[in-house]
Amino acid sequence: MSRPILLYLTDLSNGDEGEDILISNWLRQFFRLVLCHPADCERTEDEVDEIIIRNVWNENSYPPPHPDYLERFMRKKLVIHDDLYRSSSTDKTYLVDLSKRGYPVIPTVDSVEDINRLPLVDAYFIKPKDGFDAIGTKKIGANELIKLNPTGYCIQPFIDFEYEISFYYLDKHLQYVLFAPDKKERWNLVEFVPTEADIDFADKFIQWNKQRYGIERIDACRLKTGELLLVEIEDQGSMYLSVQSLGNERREVFLYNLKDSIFQRIADD
């Protein structure tokens, strides 16, 4: 029986090529792999068994909510590893909704008319609803915020947190947790042993999110009081899996689980 064909969609110029090379080389043991840039995949996408979307998020080239190639994948009902059909994070409006519903997220509104819903602070943090990787974000004073009156942005109180932490899930099951001991070095990560309360926190958002399969990353910050608040949910081809920050054994377990998940997605289609 021939190995399934996997279209591994990535943009190696986006700065995370080491991770993609590691993952794709490992998957090549089990799949016939086509490593492809999204601009070049149309000729190939109908001939593969499954598509795994990785490091392709570039704001200028692929504007949200769905770049052309994603619209095409969904129109054709192609087998995609991450469940884009039920993705909740096509833009960051979900943070406003979760904040209104009382979830443990950084308090968020999207209009200066609603800043009375936020804690009274000297500075705010604004970020584009359709942005990624901190592009377009800005720390801003209250007076400047009122004057600017931004639209299309999430508005949050500027929070002095201890560190950022990420929970990595595959098919709704927690795989590993990493954190940044130095908050100025967001992606200088080390393994973290979560408490039951930490896992319960992350599980709330996994249960809220309606994705049936694929990778989800729950990004949070730890306040000086010890509580966690959600920063964002990454559920569309999570850009950074940071597998190189894992010990060999944990990384191998995750990669085997990823392989099994991909096979299961093909079988379920």
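Position numbers for residues start from 1 in each chain and track the written sequence from start to end. Given that the model is predicted, a residue must reach a pLDDT of at least 70 before its local features are reported, and side-chain atom pairs must reach 80 or more before they are shown or counted; all residues, however, enter totals for whole chains, interfaces and linings. Excluded from the side-chain calculations are hydrogens and water; all other atoms, namely the structure's heavy atoms, are used.

### Examining the overall build of the chain
- Counting its regular elements, the chain contains six helices and 11 strands.
- Over its C-alpha atoms, taken along the principal directions, the chain stretches across nearly 65 × 40 × 30 Å.
- For the chain, buried positions account for 51% of its 269 residues.
- Computed by Shrake-Rupley with a 1.4 Å probe, the accessible areas treat only the displayed protein chains as cover when residues are assessed. Counting only carbon and sulfur atoms, one obtains 47% of the accessible surface of the chain, whose full area is about 13,100 Å². Here a strand is any run of E in DSSP of at least two residues, a helix any run of H or I of at least four, and the numbering for each starts at the N terminus. Accessible area is worked out with a 1.4 Å probe on protein chains only. A residue is then buried under 20% of its type maximum, exposed over 50%, and partly exposed in between.

### Concerning the packing of aromatic side chains
- Each aromatic pair joins two rings of Phe, Tyr and Trp (for Trp, the six-membered one) with centres within 6.5 Å, and gets the label stacked for planes under 30 degrees apart, edge-to-face for over 60, and tilted for any other angle. In this structure the tally under the stated criterion is 16 aromatic pairs.
- Centroid distance tryptophan 26 to phenylalanine 30: 4.9 Å. Interplanar angle 50°. Geometry classified as tilted.
- Exposure remark for phenylalanine 30: the relative accessible area of 19% places this residue in the buried category.
- With a centroid separation of 4.9 Å and an interplanar angle of 70°, the aromatic rings of tyrosine 163 and phenylalanine 179 are classed as edge-to-face. Of the two residues, tyrosine 163 is situated in strand 7 (residues 161–170) and phenylalanine 179 in strand 8 (residues 173–180); the sequence distance between them amounts to 16 residues.

### Here's the deal with the sheet that holds strand 6 (residues 153–157)
- Note on pairing: DSSP must find at least two bridges between two strands before they are called paired. Here three strands make up an open sheet; going across it, the order is 5-4-6 and the pairing antiparallel. Where the open sheet ends on each side, the last strands, each with one partner, are strand 5 (138–141) and strand 6. Across this sheet, the average inter-strand angle for adjacent strands is 30°, counted without regard to direction.
- Here strand 4 (residues 123–128) runs beside strand 6; their pairing, made up of five bridges, is antiparallel. Counted as the bridge partner of proline 128 is tyrosine 153 from strand 6. Axes here mean lines fitted to C-alpha atoms, for a helix over just the part in contact, with angles spanning 0 to 180 degrees between N-to-C directions.

### Let's talk about the sheet that holds strand 1 (residues 5–9)
- The parallel open sheet is built from three strands, whose spatial order is 2-1-3. In the strand order of this sheet, the two ends are held by strand 2 (32–36) and strand 3 (50–53), each with one partner. On average, adjacent strands in this sheet sit at an angle of 25° to one another, irrespective of strand direction.
- Direction of pairing for strand 1 relative to strand 2: parallel, over a ladder of five bridges. Counterpart to leucine 9 in the pairing with strand 2 is cysteine 36.

### A few points about the nonpolar core
- Side-chain atoms within 4.5 Å are what join buried Ala, Val, Leu, Ile, Met, Phe, Trp, Tyr and Cys residues into a set we call a nonpolar core. Counting residues in each nonpolar core, the largest one holds 23 residues, and the members touching the most others are Ile23, Leu27, Tyr176, Leu241, Phe254 and Leu258.
- Elements represented by at least two residues in this core include exactly strand 1, helix 1 (17–27), strand 7, strand 8 and helix 6 (248–268).
- A total of four residues in this core trace back to one element, the largest contributor, which is helix 6.
- Residues in contact with tyrosine 176, not counting those within four places in the same chain, are Ser166, Phe167, Tyr168, Leu241, Val243, Leu246, Arg250 and Phe254. Only heavy atoms enter the contact rule, under which two residues are in contact if any of them lie within 4.5 Å.

### A look at helix 5 (residues 196–208)
- Helix length check: helix 5 (13 residues) gives 18 Å between terminal C-alpha atoms against 18 Å at 1.5 Å per residue, within 8%.
- Elements in contact with the buried residues of helix 5: helix 3 (93–100), strand 7, strand 10 (215–223) and strand 11 (228–234). Multiplying 1.5 Å by the helix residue count minus one yields the expected span of that helix.

### Looking at unusual backbone geometry
- The backbone of lysine 172 shows a phi angle near 75°, a positive value even though the residue is not glycine.
- Look at lysine 172 and you get partly exposed, because its relative accessible area is 26%.
- The phi torsion at serine 242 lies on the positive side, around 55°, for a residue other than glycine.
- If you trace the backbone, serine 242 turns up in the loop between strand 11 and helix 6.
- Look at serine 242 and you get buried, because its relative accessible area is 10%.

### Observations regarding the packing of helix 1 against helix 6
- Between helix 1 and helix 6, the least distance of the axes is 11 Å, while the angle of their chain directions is 60°. Taken together, the axes of helix 1 and helix 6 are oblique relative to one another. Considering how the two elements wind past one another, helix 1 and helix 6 form a crossing that is right-handed. Contacts between helix 1 and helix 6 pair Leu22, Ile23, Trp26 and Leu27 from the former with Arg251, Leu255, Tyr256, Leu258, Lys259 and Ile262 from the latter.
- Considered class by class, the residues forming the contact of helix 1 with helix 6 number eight nonpolar, no polar and two charged. Angle categories: roughly parallel below 35 degrees, roughly antiparallel above 145, roughly perpendicular from 65 to 115, and oblique for all the rest. Left-handed describes a crossing whose near helix is turned anticlockwise from the far helix by less than a right angle; the clockwise case is right-handed. Residues are grouped as follows: nonpolar covers Ala, Val, Leu, Ile, Met, Phe, Trp, Tyr, Cys and Pro; charged covers Asp, Glu, Lys and Arg; every other residue, Gly included, is treated as polar.

### Observations concerning the pattern of salt bridges
- By salt bridge we mean one thing: a side-chain nitrogen of Lys or Arg within 4 Å of a carboxyl oxygen of Asp or Glu. Summed over the entire model, instances satisfying the criterion amount to 21 salt bridges.
- Arginine 72 is the salt-bridge partner of glutamate 42, the closest N and O atoms lying 3.9 Å from each other. With glutamate 42 in the loop between strand 2 and strand 3 and arginine 72 in helix 2 (residues 68–76), this residue pair connects regions lying 30 residues apart in the sequence.
- Take glutamate 42: its relative accessible area is 46%, and that puts it in the partly exposed class.
- Notably, a salt bridge pairs glutamate 45 with lysine 76, separated by 2.7 Å at the nearest N-O pair. Separated by 31 residues along the polypeptide, glutamate 45 in the loop between strand 2 and strand 3 and lysine 76 in helix 2 bring together distant segments of the chain.
- Its relative accessible area of 1% is what places glutamate 45 among the buried residues.

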